[in-house]
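# What the coordinates show
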Amino acid sequence: MTSNNFLIESLRSVQFQVPDLARAEAFYTEVWGLSVADRDDDRLWLRGTGDDSYLLGLRAGGVAAIRDMTFRAASAEALERLAARIREAGLAMVKPVGLITNEPAGGTGFAFADPRGRTIRIVHGDHRPDAAPLQRDRPERLAHVNINSTDVDADVAFFEEQLGFRLTDRSKMMGFVRTNSDHHSVVIAQAPVDTLNHVAFLLPSWEGVMVASGRLVDNGFPIAWGVGRHGPGDNVFAYFVDPFGFVVEHTAEVLQVDDDYRVGGPQDWTWAPGRTDQWGIAPPKSDACTAAQLAIPFTLAI
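Being a predicted model, the structure only gives us computed values, none of them experimental.

Another point: helix α4 (residues 206–218). The terminal C-alpha atoms of α4 lie 19 Å apart, and with 13 residues this matches the ideal 18 Å at 1.5 Å per residue to within 8%. All buried positions along α4 are accounted for by Gly208, Val209, Ala212, Ser213, Arg215 and Leu216. For α4, the buried positions fall inside an angular range of 155° around the axis, keeping them on one side.

In structure tokens, the structure reads:
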């Protein structure tokens, strides 16, 4: 039976800092498949076909960086409980609980710096527009954020103990944690740096991943890894490197799990030599993708 007592309902959005806002808009709308929700002088908010006000916020800045990742609390009470946990853990509260007035989604929320300096926002009561009809090659919502970590076990414990996530699988190099029936909303990857690894956008089906990948290739963005099917999560994937060095993934068919799911360990997720996914047809990840997956820092700017 699926448990409904998560404090966090879902991963809602991420915000990138980019050196060229116009170029970023062109890529993420014309090529990636999002649409403009709102804008101001130096910011842009892009939505998918689902009922989130936006999935990706873009802000003009000097260097490419990820500004924050935002999760939606399950209730107003859950928001307050999460804020109390953060304060009790002694973490830096970047923005206290209050009304959000500087972006179109609105609502109430707070922001804090996690133990490795990543800015995380928790919101509740944000605007939920009507969903648009699904389009096979356009993102519906975010699927997950993959973050690099110099201590995977410590970060898994943080997401479990402070934010109420649950461990779903642990491979040799990664921890997969969930906050709803999706197999994972956050992936924590062992790395020498605490940076962004990639952001995954959910499409309606594996065929949508293929069609969207074709559009990327047509526009001069080669597949950096894939198309393939992951082990943990069982999702179909195709990775790309955007014009600024962010690694972004089109994905579909994320495994749905409940409390009866057996948490896997490293011994459950091994491949034959030369294989990088279940299907065994994905070529090796490109060198550009491997480098980009380590290169995007988090910034504490709000």
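Overall, the coordinates contain 15 aromatic pairs when judged by the stated rule. Each member of the aromatic cluster is reached from another via a ring pair, and the members are Phe16, Phe27, Tyr28, Trp32, Phe201, Phe221, Phe240 and Phe246. For lysine 285, the ring lying beneath its charged end belongs to tryptophan 225, and the centroid distance is 4.6 Å.

Turning our attention to the layout of surface pockets. As a volume, the largest pocket reaches approximately 700 Å³. Every residue lining the largest pocket is counted, 30 residues in all, and those nearest its centre are Ser171, Met173, Met174, Trp225 and Trp271. Breaking the lining of the largest pocket down by element, the ones donating at least two residues are β9 (141–149), β11 (174–178), β12 (186–190), β13 (196–202) and α5 (287–295). Split by residue class, the lining of the largest pocket holds 13 nonpolar, 14 polar and three charged. Lining of the second largest pocket is provided by 15 residues; of these, Glu9, Ser10, Arg128, Arg141 and Asn180 occupy positions nearest its centre. When residues of the lining of the second largest pocket are traced back to their parent elements, those giving at least two are β1 (8–18) and β9.

Turning our attention to the sheet that holds strand β2 (residues 35–39). A sheet is described by the order of its strands in space; here eight strands give the open sequence β2-β3-β4-β1-β5-β8-β7-β6, paired in mixed fashion. Of all strands in the sheet, those with a lone pairing partner are β2 and β6 (93–99), marking the two edges. The mean angle between the axes of side-by-side strands here comes to 20°, regardless of whether they run parallel or antiparallel. Here strand β7 (residues 108–113) pairs with strand β8 (residues 119–124) via six bridges, running antiparallel. Bridge pairing in β8 links phenylalanine 112 to isoleucine 120. This element, helix α1 (residues 21–31), spans β1, β2, β3 (43–47) and β4 (56–60) of the sheet and lies at about 160° to β4.

Attention shifts here to unusual backbone geometry. Note the cis peptide between glycine 226 and valine 227, where omega equals -5°. Within the fold, valine 227 resides in strand β14 (residues 225–229). Positive phi outside glycine occurs at glutamate 253, with the angle close to 60°.

Judged by nonpolar contacts, the single largest core of 63 residues is most densely connected at Phe16, Tyr28, Leu58, Phe71, Ile122, Phe159 and Leu163. What phenylalanine 159 contacts, discounting residues up to four positions off in sequence, is Met69, Phe71, Ile120, Ile147, Gly164, Phe165, Val177, Val186 and Ile188. Counting residues in hydrophobic clusters, the runner-up holds eight residues, among them Ala224, Tyr239, Ala282 and Cys289.

What follows is about the sheet that holds strand β15 (residues 236–241). The mixed open sheet is built from eight strands, whose spatial order is β10-β11-β12-β9-β13-β16-β15-β14. A strand with exactly one partner marks an edge of an open sheet, and here the two such strands are β10 (166–170) and β14. Taken pair by pair, the neighbouring strands of this sheet meet at an average axis angle of 20°, ignoring direction. Note that β15 and strand β16 (residues 247–252) share six bridges and pair antiparallel. Bridge assignment links tyrosine 239 to a residue of β16, and that residue is glutamate 249. With respect to the sheet, α4 is in contact with β14, β15 and β16, its orientation differing from that of β15 by roughly 20°.

Take helix α3 (residues 152–161) next. One turn of the α-helix equals 3.6 residues, which is why residues spaced by three or four share an orientation. Taken as a whole, α3 has its buried residues at Val152, Asp155, Val156, Phe158 and Phe159. Within α3, the buried residues cover an arc of 155° as seen down the axis, which keeps them to one side. Those residues of α3 that are exposed and angled more than 90 degrees off the buried face are Asp153 and Glu161.

The next point concerns the pairing of β16. Of all six residues making up β16, six are buried, and the element is well covered by its neighbours. Here β13 pairs with β16 via four bridges, running parallel. If you follow leucine 202 over to β16, its bridge partner there is threonine 251. Joining the antiparallel neighbours β15 and β16 is a turn of five residues, in which glycine 245 adopts a positive phi near 100°.

What counts and what doesn't
Residues numbered from 1 in each chain as written. Predicted model: local features only at pLDDT ≥ 70, side-chain atom pairs only at ≥ 80, totals over all residues. Heavy atoms only, no water. Helix = DSSP H or I, 4+ residues; strand = E, 2+ residues; numbered from the N terminus. Expected span 1.5 Å × (residues − 1). Buried < 20%, exposed > 50% of the residue type's maximum accessible area, 1.4 Å probe, protein only. Arc of directions from axis to C-beta. Phe/Tyr/Trp six-rings, centres within 6.5 Å; stacked < 30°, edge-to-face > 60°. Lys NZ or Arg CZ within 6 Å of the ring centre and 35° of its normal. 1 Å grid on protein atoms, 1.4 Å probe; cavity = no way out; pocket = protein on both sides within 12 Å on 5 of 7 lines; lining within 4 Å. Points joined across faces, edges and corners; volume = space filled by probe spheres on them. Nonpolar A, V, L, I, M, F, W, Y, C, P; charged D, E, K, R; others polar. Pairing = 2+ DSSP bridges. Axes fitted to C-alpha atoms, helices over the stretch in contact; angles between N-to-C directions. Contact = heavy atoms within 4.5 Å. Core = buried A, V, L, I, M, F, W, Y, C linked by side-chain atoms within 4.5 Å.

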